[in-house]
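One letter stands for each residue in the lines below.
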Amino acid sequence: MSSPGAEDQRKAQADFYAGLEQLYLLPNWAREAESQVAHGPHAAAVPWLWKWSEVRPNILRTVSLVTPEDVERRAIGLINPRLRELGRRGATPTLTAAVQLIMPGEVAVSHHHTPAALRVIMEGKGAYTAVDGERCWMEPGDLILTPAWTFHDHKHEGEGPMIWLDGLDVPLIRSIDSNFFERYPGQRQQALTQPDGASTRRFASAGLRPAAFKWDKPYSPLTRYPWERTEQALQAMIEKEATPFDDLYLEYVNPLTGAAVMPSMGCYAQRLRPGVQTRSHRHNASAVYYVCRGSGYTTIEGKRFEWCQGDVLALPGWHWHAHANGSTTEDAYLISFTDEPLLKYLGIFREQSGE
Ligand code: GTQ
Ligand code: FE2
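Residues numbered from 1 in each chain as written. Chains lettered and ligands numbered in written order. Predicted model: local features only at pLDDT ≥ 70, side-chain atom pairs only at ≥ 80, totals over all residues. Heavy atoms only, no water.

In this structure, Pro-68 sits in helix α4 (residues 68–71). You can call Pro-68 buried: its relative accessible area is 8%. Along the sequence, Pro-68 and Ser-353 sit 285 residues apart, while their C-alpha atoms lie 45 Å from each other. Apart from the residues within four sequence positions on either side, Pro-68 is in contact with Arg-73, Arg-74, Glu-106, Val-107 and Ala-108. (Helix = DSSP H or I, 4+ residues; strand = E, 2+ residues; numbered from the N terminus. Buried < 20%, exposed > 50% of the residue type's maximum accessible area, 1.4 Å probe, protein only. Contact = heavy atoms within 4.5 Å.)

Written as structure tokens, this is what we have:
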């Protein structure tokens, strides 16, 4: 039993809080901190694996249900279960992942928005994404950037379904209330002002830049990173220089500065050699991995996520993780995107290595 004095004290506090609430005031100590409620400070999202064997039939099913005309983009979001519980969306607290499909002859109309986006091509050929006046033809494993506020449209001129993974910083941009969107004026597709694949041609070789090329934007001037080049670069890497946590690990960068491809999102490609098991580490950046080729597993906080080609894995920040190639004969290739550049810009990126 509490003393009458304690009871009076509690009543006085409750009256005080009720009075403050009328004035839109809240004592900090009386706030139920989100992080203290249920899950701890780094658990707004859970690790999650979306299997290609489950996603693919469902994205194909959308062909008979909606057109890009109806819905702007025929894309299905990969929603983190914990974020959904909290009434939010996204694959991680800052990153959206979605699988998008266009069919032969279809156009996804030109628009731009403040969220930055990237595409990793999953399946098909003969379609392109136009970005900033340049057509980028899409082939499996390519990375294509559509940085914040660049006009982009998609068109399929080939055969069969064309499917890719979209990565966007939508949850971040929403959280700062800066989501702006506009259609391209007057036409469904933007004007093509550059030769096909112009940016890929400009930066055909690492270490060589067109001497007179001027660029003052905050994102990479290279729009399409073809898989062929990425794979060659991963193959050419010096095995002794493998990293402990990611094995043979390349960052996609701005070829002029070496900086991350966009201010809010960075991208990596990695080759896990046959039988490799990496050491464990954790960082506060969150990431989304796409399994480009091969099979293996990623252990996150002691739980094993078995992946194979086409699967997508969400890694929340500050979760211990290590990768393993399950094959003793074939390489495994992962492409990932992360909010690491944002955290580095804020000066709060941190990482820890395991035993
Ligand atoms: O292809 O332009 O998954 O604007 C979400 C928003 C894709 C796109 C998404 C978009 C796009
Ligand atoms: Fe878009």
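Here the focus is the site of ligand 1. Around ligand 1, the neighbouring residues are Arg-73, Ala-75, Ala-98, Gln-100, His-111, His-113, Arg-119, His-152, His-154, Asp-166 and Leu-168. Contact between ligand 1 and His-152: an oxygen atom at 2.8 Å from a side-chain N or O atom of the residue. Coverage of ligand 1 by the protein chains reaches 83% of its 290 Å² of free accessible surface. The set of elements that each furnish at least two residues to the shell around ligand 1 consists of β3 (96–102), β4 (107–113), β9 (152–156) and β10 (162–168). Of the residues contributing to the shell around ligand 1, the split by class is three nonpolar, five polar and three charged. (Near = heavy atom within 4 Å. Polar contact = N/O pair within 3.5 Å; in protein donor to acceptor, adjacent residues only side chain to side chain. Areas by Shrake-Rupley, 256 points an atom, 1.4 Å probe, with all protein chains shown as cover. Nonpolar A, V, L, I, M, F, W, Y, C, P; charged D, E, K, R; others polar.)

One pass over the full model with this rule turns up 10 aromatic pairs. Summarising the aromatic geometry, the rings of Phe-151 and Tyr-184 are spaced 4.8 Å apart at their centres and angled 90 degrees between planes, so their arrangement reads as edge-to-face. Of this pair, Phe-151 sits in the loop between β8 (143–146) and β9 while Tyr-184 sits in the loop between β11 (181–183) and α7 (198–202), placing them 33 residues apart in sequence. Classification of Phe-151 as buried rests on a relative accessible area of 18%. By relative accessible area, which is 18% here, Tyr-184 ends up buried. Between the aromatic rings of Phe-213 and Trp-215, the centroid separation amounts to 6.0 Å while the plane-to-plane angle is 15 degrees, which identifies the pairing as stacked. With relative accessibility at 27%, the residue Trp-215 sits in the partly exposed group. One aromatic cluster is present, formed by Phe-203, Phe-213, Trp-215 and Tyr-219 through successive ring pairs. Positioned above the aromatic ring of Tyr-128, the side-chain terminus of Arg-135 is 5.0 Å from the ring centre. Over the ring of Tyr-297 we find Arg-304, and its NZ or CZ is 3.7 Å from the ring centre. (Phe/Tyr/Trp six-rings, centres within 6.5 Å; stacked < 30°, edge-to-face > 60°. Lys NZ or Arg CZ within 6 Å of the ring centre and 35° of its normal.)

With that out of the way, let us pick up the pairing of β3. The buried fraction of β3 is high, at seven of seven residues. Where burial is concerned, the two faces of β3 agree: the one with Thr-96, Ala-98, Gln-100 and Ile-102 and the one with Ala-97, Val-99 and Leu-101 are both buried. For strand β2 (residues 75–77) and β3, the ladder comprises three bridges, and the chain directions are antiparallel. When the sheet's bridge partners are listed, Ala-75 is paired in β3 with Gln-100. Sheet topology note: the β3/β10 ladder contains seven bridges and is antiparallel. In the sheet register, Thr-96 faces β10, and the bridge partner there is Leu-168. (Pairing = 2+ DSSP bridges.)

With respect to the helices, strands and loops of the structure, Arg-135 is situated in strand β7 (residues 134–137). Leaving out residues up to four positions away in the same chain, Arg-135 has contacts with Tyr-128, Thr-129, Ala-130, Glu-157, Leu-192, Asp-196 and Gly-197.

All right, on to the coordination of the iron ion (ligand 2) then. Looking at the metal site, the iron ion (ligand 2) is ligated by His-111 (NE2), His-113 (NE2) and His-152 (NE2), spaced 2.1 Å from it. Sequence spacing of the donors to the iron ion (ligand 2): H-x1-H-x38-H. On the basis of relative accessible area, His-111 is assigned to the buried category, the value being 5%. Since its relative accessible area comes to 9%, His-113 is described here as buried. (Donors = N, O, S within 2.8 Å, 3.2 Å for Na, K, Ca; no water.)

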